[in-house]
Amino acid sequence: MSLGLAERKKEKKERRLASIREALGSKSIVLIGLMGAGKTAVGKRLAARLDLPFIDADSEIELAAGQTISEIFTEHGEPYFRSGEAKVIARLLGGGPEVLATGGGAYMDARTRANIKAEGISVWLKAELPVLLHRVRRRDNRPLLAAGTPDVVMRELMKKRYPVYAGADITVESRDVPHDVIVSDVVEALVRFLDDEVKATPRRRGKSE
Ligand code: S3P
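Per chain, residues are indexed from 1 in the order of the written sequence. Per-residue local features of the predicted model are confined to residues with pLDDT of at least 70, and side-chain atom pairs are confined, for both listing and counting, to 80 or more; whole-chain, interface and lining totals are unaffected and use all residues. To obtain the side-chain values, all non-hydrogen atoms of the structure were used and water was disregarded.

Caption draft 1: Quick peek at the sheet that holds strand S3 (residues 99-101). Note on pairing: two strands pair once DSSP finds at least 2 bridges between them. Helix numbers and strand numbers start at the N terminus; a helix is a DSSP run of H or I with at least 4 residues, a strand a run of E with at least 2. Overall, parallel pairing links the five strands, which are arranged S2-S3-S1-S4-S5 in an open sheet. Whereas interior strands pair on both sides, the edge strands pair on one side only; in this sheet they are strand S2 (54-56) and strand S5 (170-173). Here the average twist between neighbouring strands, direction ignored, is 25°. Strand direction decides the pairing type here: strand S1 (residues 28-32) and strand S4 (residues 120-126), joined by five bridges, are parallel. Across the sheet, residue Ser 28 finds its bridge partner in S4, namely Gly 120. Only heavy atoms enter the contact rule, under which two residues are in contact if any of them lie within 4.5 Å. Axes here refer to lines fitted to C-alpha atoms; in helices the fit is confined to the stretch in contact. Angles between the N-to-C directions go from 0 to 180 degrees. Docked against the sheet, helix H10 (residues 179-200) engages S1, S4 and S5, running at close to 155° with respect to S5.

Caption draft 2: Representation of the nonpolar core in the model. One finds Ile 29 and Met 154 to be the most contacted residues of the largest nonpolar core, which totals 59 residues. With eight residues, H10 is the single largest residue contributor to this core. Those residues in contact with Met 154 that sit more than four places away from it in its chain are Leu 34, Met 35, Leu 129, Leu 132, Leu 133, Val 136 and Leu 145. The term nonpolar core refers to a set of buried residues drawn from Ala, Val, Leu, Ile, Met, Phe, Trp, Tyr and Cys, joined through side-chain atoms within 4.5 Å. Exposure classes here rest on a 1.4 Å probe applied to the protein chains alone. A residue is buried below 20% of its type maximum, exposed above 50%, and partly exposed in between.

Caption draft 3: Molecular detail of the packing of aromatic side chains. Aromatic rings from Phe, Tyr and Trp, with only the six-membered ring used for Trp, were paired whenever their centres fell within 6.5 Å, and each pair was classed as stacked if the ring planes differed by under 30 degrees, edge-to-face if by over 60, and tilted otherwise. Scanning the model with the defined rule gives four aromatic pairs in all. Here the aromatic rings of Trp 124 and Tyr 162 are separated by 4.9 Å at their centres, their planes lie at 75°, and the arrangement is edge-to-face. Here the residue Trp 124 occupies a position in strand S4, and Tyr 162 occupies one in helix H9 (residues 150-165), the gap between them amounting to 38 residues. Side by side, Trp 124 and Tyr 162 carry an identical accessibility label, which is buried. Aromatic pair Tyr 162 and Tyr 165: ring centres 5.8 Å apart, planes at 45°, arrangement tilted. Note that Tyr 162 and Tyr 165 are positioned in helix H9 at a spacing of three residues, about one turn of the helix.

Take it as geometry only, folks, not as evidence of what the structure does.
See below:
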């Protein structure tokens, strides 16, 4: 019995997702970007689509410390948080393949960037200021924003961080559309990136060549 159009489309989609998983090997998809860029929301849906585990680095840091991020900042200060963050992310990268959402400051650490380069594919969810501000206003769990006026702090962070985030393997515009639309954009970009990577890898030559 021949397959209907819907089944054939579904099969094709499944094959595409399976080919992404295969091309990843043990590498993880690492989401980077500012607070409010949608790393957790998009990451969870991306992981479900690719049938990979989803891990949120901030939650893992909180688990390891037995404290919330705000408590870590208040009790120990930012440098202590950053050093724990780098260690936790290095550990998590060893457990790939997975979809890993990182906190906004993680990619600013040179060692973390090198670890991500070696063991992952970085995806920058790039968003405009109004989108970020609208999203971060919903919650008050971000110590960096609590320390000043959110739009001033956010502008400063954009100035400092966007040139560094720009080194990511893939950039996807995170905008005010349903998260699943962004997930589809990430999947498309991943397919292109992995395809280019395969083409750029020199083929092993046989003895006769
Ligand atoms: C931070 C972002 C937060 C969290 C911490 C510091 C940052 O994560 O790691 O509050 O430096 O931008 P999200 O980007 O997931 O909000």
